[in-house]
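# Architecture and fold: a report
What follows is each chain in one-letter form.
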Amino acid sequence: MKKNQKNLSFLVVDDEPILVQFIVDVLKGMGFDQIDTSNNGENAYSLCTAKMIQENPYDIIISDWRMPLMTGIELLEKIRKNGKLRNTAFVMITAVDDVTQIKQAAQSRVDQYILKPFKAEELEKKLMIIIEKLLRR
């Protein structure tokens, strides 16, 4: 069954509650309501595997890079190594504008990369690029 745009599911991962709420508000403003949140990568991976077992994996993960317990890049790398999750779209958010870090994210097959601080319009634009790709699959 091919998904339509409005029934895509999201996981927002960040240890800053204000940023999580901002991203959730942007997603809701775009018309999405299947949104889960996590405050660290370790918990996020558990949520991903639970959804996978239910055969209803997340379509898009939006994650901060720097978090306790498991960083966003560690989460991304774990997702990419899991055969059933490897094609999950992934947006990395970070405050660090570092070439080495950007290369590492690219090598781990991040779909979009956003530097903090960012505006709702930038997040929406990057998400629409991913959503259009997902809907073409």
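Further up the page is the structure itself.
Rules used in this analysis
Residues numbered from 1 in each chain as written. Predicted model: local features only at pLDDT ≥ 70, side-chain atom pairs only at ≥ 80, totals over all residues. Heavy atoms only, no water. Pairing = 2+ DSSP bridges. Helix = DSSP H or I, 4+ residues; strand = E, 2+ residues; numbered from the N terminus. Axes fitted to C-alpha atoms, helices over the stretch in contact; angles between N-to-C directions. Buried < 20%, exposed > 50% of the residue type's maximum accessible area, 1.4 Å probe, protein only. Right-handed = clockwise from strand over helix to strand, strands pointing away. Expected span 1.5 Å × (residues − 1). Arc of directions from axis to C-beta. Contact = heavy atoms within 4.5 Å. Salt bridge = Lys/Arg side-chain N within 4 Å of Asp/Glu carboxyl O.

## Regarding the sheet that holds strand β2 (residues 34-38)
Strands sit in the order β2-β1-β3-β4-β5 across an open sheet of 5 strands; the sheet is parallel. Strand pairing shows two members of the sheet lacking a second neighbour, β2 and β5 (112-115), which therefore form its edges. On average, adjacent strands in this sheet sit at an angle of 15° to one another, irrespective of strand direction. Of the pairings in the sheet, the one linking strand β1 (residues 9-13) to strand β3 (residues 60-64) comprises 4 bridges and is parallel in character. Each residue of the ladder has a partner; that of Val12, found in β3, is Ile62.

## Examining the pairing of β1
Most of β1 is tucked away: 5 of the 5 residues are buried. Where burial is concerned, the two faces of β1 agree: the one with Ser9, Leu11 and Val13 and the one with Phe10 and Val12 are both buried. As for the winding sense of the linkage, the β-α-β connection from β1 through helix α1 (residues 17-29) to β2 is right-handed.

## Re α1
Its 13 residues place the ends of α1 18 Å apart at the C-alpha level, agreeing with the 18 Å of an ideal helix rising 1.5 Å per residue. Within α1 the residues assigned to the buried category are Leu19, Val20, Ile23, Val24, Val26 and Leu27. Angular distribution of buried residues about the axis of α1 spans 160°; they occupy a single face of the element. Opposite the packed face of α1, turned more than 90 degrees from it, sit the exposed residues Pro17, Ile18, Lys28 and Gly29. The elements touched by buried residues of α1 are β1, β2, β3, β4 (89-94) and α5 (120-136). Positive phi shows up at Gly31, right after α1, with a value of about 100°.

## Some words on the pattern of salt bridges
Counted under the stated rule, the structure contains 4 salt bridges. The shortest N-O distance in the salt bridge between Lys116 and Glu16 comes to 3.5 Å. Here Lys116, found in the loop between β5 and α5, pairs with Glu16, found in the loop between β1 and α1; they are 100 residues apart in sequence, far enough to count as distant. For the salt bridge of Asp111 with Arg80, the shortest nitrogen-to-oxygen distance reads 3.1 Å.

Remember, this is a structural readout, not a statement about activity or role.
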